[in-house]
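Residue-level structural notes
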Amino acid sequence: MSSNLPIFDRKAALELLDNDEDLLQILIDSFIKENKFEKDILENLIEKGKMSEAASYVHATKGAARQLCLERLKNSGQKLEDLLRGKISGETQPLVDEMFSDYKEALAILKS
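Residue numbers here run from 1 along each chain, matching the order of that chain's written sequence. Given that the model is predicted, a residue must reach a pLDDT of at least 70 before its local features are reported, and side-chain atom pairs must reach 80 or more before they are shown or counted; all residues, however, enter totals for whole chains, interfaces and linings. Only heavy atoms go into the side-chain values, all of them from the structure, while hydrogens and water stay out.

1. What about the pattern of salt bridges?
For the record, the criterion: When a carboxyl oxygen of Asp or Glu lies within 4 Å of a side-chain nitrogen of Lys or Arg, that pair is called a salt bridge. Secondary structure elements follow DSSP: runs of H or I of four or more residues count as helices, runs of E of two or more count as strands, with numbering from the N terminus. Partly exposed describes any residue whose relative accessible area lies between the buried limit of under 20% and the exposed limit of over 50%, with all areas from a 1.4 Å probe on protein chains only and scaled to the type maximum.
Taken as a whole and judged by the stated rule, the model has 7 salt bridges. For the salt bridge of E21 with R10, the shortest nitrogen-to-oxygen distance reads 2.7 Å. Of this pair, E21 sits in helix α2 (residues 21-34) while R10 sits in helix α1 (residues 10-16), and the two are 11 residues apart along the sequence. Residue E21 is classed as partly exposed on the basis of its relative accessible area of 41%. The partly exposed category is assigned to R10, whose relative accessible area is 35%. In this structure, R72 and E105 form a salt bridge, with 3.4 Å as the shortest nitrogen-oxygen distance. Linking R72 in helix α5 (residues 71-84) with E105 in helix α6 (residues 92-111), this pair joins segments that are 33 residues apart in sequence. Residue classification places R72 among the buried positions, given a relative accessible area of 17%. Counted as one network, the salt bridges with shared partners bring together K62, E81 and R85.

Encoded structure:
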């Protein structure tokens, strides 16, 4: 589990952006409005054996999470992507559940 990581490391995100508060807000707004990550879509891809597409779906959200220093989401997304790409072995559903939990928490924090 990645629960010991912060959900959102605002200070680190600002450092990546040369302390540009306006740019950070633009990225946060973009994440909230444009990054739609739906569990049903991911589970459907996995169910149909479309692991490469599922990994790409996860990768897009993980990349956005990395840019915003959404540490838990970045971490759980990386684990799930690695599993879907066959780099690690394990059960898919627990990692799907973990990533979606982290995604919902990240969205709630960003919206507050």
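2. Notes on unusual backbone geometry
Although it is not a glycine, D18 adopts a positive phi angle of roughly 50 degrees. Along the chain, D18 turns up in the loop between α1 and α2. Positive phi, close to 60 degrees, is recorded for N19, a residue that is not glycine. Within the secondary structure layout, N19 lies in the loop between α1 and α2. Its relative accessible area of 55% is what places N19 among the exposed residues.

3. Description of the side chain of E81
Test applied: Should any heavy atoms of two residues lie within 4.5 Å, those residues are considered in contact.
Assignment of secondary structure puts E81 in helix α5. Owing to a relative accessible area of 6%, E81 belongs among the buried residues under this scheme. When neighbours within four sequence positions are excluded, E81 is seen to be in contact with A55, V58, H59 and K62.

4. Digging into the packing of aromatic side chains
Just so we agree on the cut-off: Geometry of aromatic contacts follows a simple scheme: Phe, Tyr and Trp rings, the Trp one being its six-membered ring, pair when their centres are within 6.5 Å, and the pair is stacked under 30 degrees between planes, edge-to-face over 60, tilted otherwise.
The final tally for this structure, using the stated rule, is 5 aromatic pairs. One aromatic cluster is present, formed by F31, F37, Y57, F100 and Y103 through successive ring pairs.

5. Quick look at the side chain of E71
Basically, it comes down to this: Definition of a polar contact: a pair of N or O atoms within 3.5 Å, with one able to donate and the other able to accept a hydrogen when the atoms are protein atoms, and with sequence-neighbouring residues admitted only if both atoms are side-chain atoms.
Take E71: it is sitting in helix α5. Side-chain polar atoms of E71 contact the side chain of K74, separated by 2.8 Å. If sequence neighbours within four positions are ignored, E71 has contacts with L5, P6, I7 and D9.

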